[in-house]
Amino acid sequence: MFEHSARTTALLEQLRTFFTDHIEPAEAERRAWHHDPATAWTPWPGLETLKAEARSQGLWNLFLPEEHGEWSPGLTNLEYAPLAEQMGRVSWSSEVFNCSAPDTGNMEVLAKFGDERQQEEWLRPLLAGEIRSAFVMTEPQVASSDATNIETSIVRDGDEYVINGRKHWISGAMDPRCTIYIVMGKTDPTAPKHAQQSMVLVPAGTPGVEIIRPMDVFGDQHPPGGHVEMRFTDVRVPAENLILGEGRGFEIAQGRLGPGRIHHSMRQIGAAQRCLELMCQRGASREAFGRKLSDHGMVRKDIALSRCEIEQARYLTLAAAGEMDRVGNKAARDLISMITIVGPQMAQNVADRAIQVHGGVGVSSDTPIAEIFAHARFLRIADGPDEVHMNQLARSTVARHT
């Protein structure tokens, strides 16, 4: 059996207590707030109280690697994995600990690639949990799983860059606390394929930035951040807002996506574990045809399969995290691809079985299972479709053996 470090074990116990005392009792209240049309797009008032409590306990920026100094508790990916798993049990909880997407990825971009001014203006308030952010890449008119297709233009004009283009599925942009966008687009369409793209910082509210509409996922708009379609029309920002330099967009994206993908997979383990526990509890408390549901062979099969799949995914996640710590994100890309494929699909499968055991209740909002199912299905697209990761993994595997 794998054993966590003493530091991880202590933090995990602390985090579990925090969930029992603060997160779980608030689930119903927060859900009601964000499903009331009058308050849906306003952050739930209790959130800041929970964030302050988490920060006072040292449960803050747990995702951030050691090299980021004063803001980081200095955990490795392997040490962070079980903590992210615990956060995955409640979909919104990671924000309480300042460990939620898309902010985590954006903080990593600014920490790794931002200059001193960019870090002071945007990274510091993100690390403090004072603002939120969005990552603006995907476009409606092209297949954005191939990022070389992206058409938004970022054109130098004197001391400014001028941005024009349409984007969609931009997570977090509806949140009134969303203050800064990291926008990906083309600075030089004539450059070599992977040197055409750049990333630039665009403050929310800049003239020419227009949010067209919030988009929904299986009928849910995921307030308060949501996912939006937006338009950039002659948006001007200072040239100093460019991150790292022209043509460096793909380099930045690769630095951002590795950790982000594995964080999602870590959380999916926790979501699936919660579904399994609810499935067992339901099976042991309900009777059908003279026996408890958990005594029926088909239900037992579902429970056994789910436990096997969760454990398999958990150990694959730990293997990927450990490899990232040892050899870096690039060298660990095959394991990152594996868990990006396996994690959400596993959680979707387990949630589907839990829905079946719960019957009609399983597709309602009386339990978190339906939300977990929908989120897992969404993630199989959100960090790049399964097919892209499978293609990369297969290409790498063939090369290794030939």
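From a predicted model like this one, the values you see are computed outputs, not experimental measurements.

Chemist: Can you walk me through the overall build of the protein chain in this structure?
Modeler: Along the protein chain, the regular secondary structure elements total ten helices and nine strands. Here the protein chain has a C-alpha radius of gyration of 21 Å; the compact-globule value for 402 residues is 21 Å, and the two agree. The dimensions of the protein chain, computed from C-alpha atoms along their principal axes, are 80 × 60 × 40 Å. Relative to its 402 residues, the protein chain shows a buried fraction of 54%. Within the protein chain, counting contacts between residues at least 6 apart in sequence, those at least 24 apart form 72% of the total. Only carbon and sulfur atoms are counted for the fraction: they give 52% of the accessible area of the protein chain, which is about 18000 Å². Counting 41 positive and 53 negative side-chain charges, the protein chain places the averaged centre of each group 6 Å from the other.

Chemist: Just to check I follow, could you spell out the environment of Gln 268 for this structure?
Modeler: With respect to the secondary-structure elements, Gln 268 resides in helix H6 (residues 249–285). For the pair Gln 268 and Ala 347, spaced 79 residues apart in the sequence, the C-alpha separation amounts to 6.0 Å. Those residues within four positions of Gln 268 in sequence are excluded, and the remaining contacts are Gly 343, Pro 344, Met 346, Ala 347, His 375, Ala 376 and Leu 379.

Chemist: Any chance you could explain the pairing of strand S2 (residues 153–157) here in plain terms?
Modeler: For a regular strand, side chains alternate in direction, first toward one face of the sheet and then toward the other. Note: S2 against strand S3 (residues 160–171), five bridges, orientation antiparallel. Counterpart to Arg 156 in the pairing with S3 is Tyr 161. Joining the antiparallel neighbours S2 and S3 is a turn of two residues, in which Gly 158 adopts a positive phi near 65°.

Chemist: Help me understand the packing of helix H4 (residues 103–113) against helix H5 (residues 116–127), please; the structure alone is not making it clear to me.
Modeler: Between two packed helices, the angle of one axis relative to the other and the distance separating the axes together describe the packing. For the pair H4 and H5, the least separation of the axes is 10 Å and the interaxial angle reads 145°. Classified by chirality, the crossing of H5 by H4 is left-handed. Between H4, through Asp 103, Met 107, Leu 110 and Ala 111, and H5, the contact on the second element is made entirely by Gln 118, Gln 119, Trp 122, Leu 123, Leu 126 and Leu 127. Of the residues belonging to the contact of H4 with H5, the class tally is seven nonpolar, two polar and one charged.

Chemist: Can you walk me through the packing of helix H7 (residues 297–327) against helix H8 (residues 333–358) in this structure?
Modeler: Axis separation between H7 and H8 bottoms out at 9 Å; the angle between their running directions is 160°. With respect to H8, the element H7 is oriented roughly antiparallel. In the crossing of H7 with H8, the sense of the turn from one axis to the other is left-handed. Along the lines of polarity and charge, the residues of the contact of H7 with H8 split into 16 nonpolar, three polar and four charged.

Chemist: What am I meant to see in the pattern of salt bridges here?
Modeler: Side chains that differ in sign of charge can pair as their charged atoms come close. Throughout the structure, instances matching the rule amount to 26 salt bridges. Here Arg 314 ties to Glu 85 by a salt bridge, and the two come within 2.7 Å at their closest N and O atoms. A residue pair is termed long-range when its members are at least 10 positions apart, and Arg 314 in helix H7 and Glu 85 in helix H3 (residues 77–87) qualify at 229 residues. Take Arg 314 and Glu 85: they sit in the same class, and that class is buried. Across the pair Arg 166 and Glu 229 runs a salt bridge whose closest N-O atoms are separated by 2.3 Å. Separated by 63 residues along the polypeptide, Arg 166 in strand S3 and Glu 229 in strand S7 (residues 227–238) bring together distant segments of the chain.

Chemist: Explanation requested: the nonpolar core in the structure shown.
Modeler: Considering soluble globular proteins, one finds that nonpolar side chains tend to be buried as a cluster. Residues Tyr 80, Val 96 and Phe 97 are the most contacted members of the largest nonpolar core, which totals 82 residues. Top element by residues in this core is H6. It accounts for eleven residues. The contact partners of Val 96, leaving out residues within four places of it in the chain, are Phe 18, Ile 23, Leu 47, Leu 50, Lys 51, Ala 54 and Trp 60. Judged by nonpolar contacts, the second largest core, of 20 residues, contains Cys 178, Val 183, Val 228 and Ala 239.

Chemist: Could you clarify how one ought to interpret the packing of aromatic side chains in this entry?
Modeler: Think of a pair of aromatic rings as described by two things: how far the centres are apart, and how the planes are tilted against each other in angle. What the rule picks out here adds up to four aromatic pairs. Ring centres of Phe 18 and Phe 97 lie 5.2 Å apart, and the angle between their planes is 65°; on these two criteria the pair is classed as edge-to-face. Placement of Phe 18 in helix H1 (residues 6–34) and of Phe 97 in the loop between H3 and H4 is noted, with a sequence separation of 79 residues between them. Aromatic pair Phe 19 and Phe 97: ring centres 6.2 Å apart, planes at 10°, arrangement stacked. Within this pair, whereas Phe 19 is found in helix H1, its partner Phe 97 is found in the loop between H3 and H4, the two being separated by 78 residues in sequence. No difference in accessibility class separates Phe 19 from Phe 97, as the two residues are buried. Aromatic rings pair up to connect Phe 18, Phe 19 and Phe 97 into one cluster.

Chemist: Would you explain the state of the cysteines in this entry?
Modeler: In protein chemistry, a disulfide is the covalent bond that joins the sulfur atoms of two cysteines. With the rule as written, the count across this model stands at zero disulfides. With no disulfide of its own, Cys 275 lies 11 Å from the sulfur of Cys 280, the closest cysteine sulfur. Cys 280 provides the cysteine sulfur closest to Cys 308, a residue in no disulfide bond, and the two sulfurs are 12 Å apart.

Chemist: Mind showing me how you'd approach the side chain of His 389 here?
Modeler: Following the sequence through the fold, His 389 ends up in helix H10 (residues 386–401). At 2.9 Å, the side chain of His 389 and the backbone oxygen of Asp 383 are in polar contact. Setting aside residues no more than four positions away along its own chain, His 389 makes contact with Arg 261, Ser 337, Thr 340, Ile 341, Asp 383 and Gly 384.

About the thresholds
Residues numbered from 1 in each chain as written. Predicted model: local features only at pLDDT ≥ 70, side-chain atom pairs only at ≥ 80, totals over all residues. Heavy atoms only, no water. Helix = DSSP H or I, 4+ residues; strand = E, 2+ residues; numbered from the N terminus. Rg over C-alpha atoms; globule rule 2.2 N^0.38 Å. Buried < 20%, exposed > 50% of the residue type's maximum accessible area, 1.4 Å probe, protein only. Contact = heavy atoms within 4.5 Å. Areas by Shrake-Rupley, 256 points an atom, 1.4 Å probe, with all protein chains shown as cover. Lys, Arg positive; Asp, Glu negative; His and termini not counted. Charge placed at Lys NZ, Arg CZ, Asp CG, Glu CD. Pairing = 2+ DSSP bridges. Axes fitted to C-alpha atoms, helices over the stretch in contact; angles between N-to-C directions. Left-handed = near helix turned anticlockwise from the far one by under 90°. Nonpolar A, V, L, I, M, F, W, Y, C, P; charged D, E, K, R; others polar. Parallel < 35°, antiparallel > 145°, perpendicular 65-115°, else oblique. Salt bridge = Lys/Arg side-chain N within 4 Å of Asp/Glu carboxyl O. Core = buried A, V, L, I, M, F, W, Y, C linked by side-chain atoms within 4.5 Å. Phe/Tyr/Trp six-rings, centres within 6.5 Å; stacked < 30°, edge-to-face > 60°. Disulfide = S-S within 2.5 Å. Polar contact = N/O pair within 3.5 Å; in protein donor to acceptor, adjacent residues only side chain to side chain.

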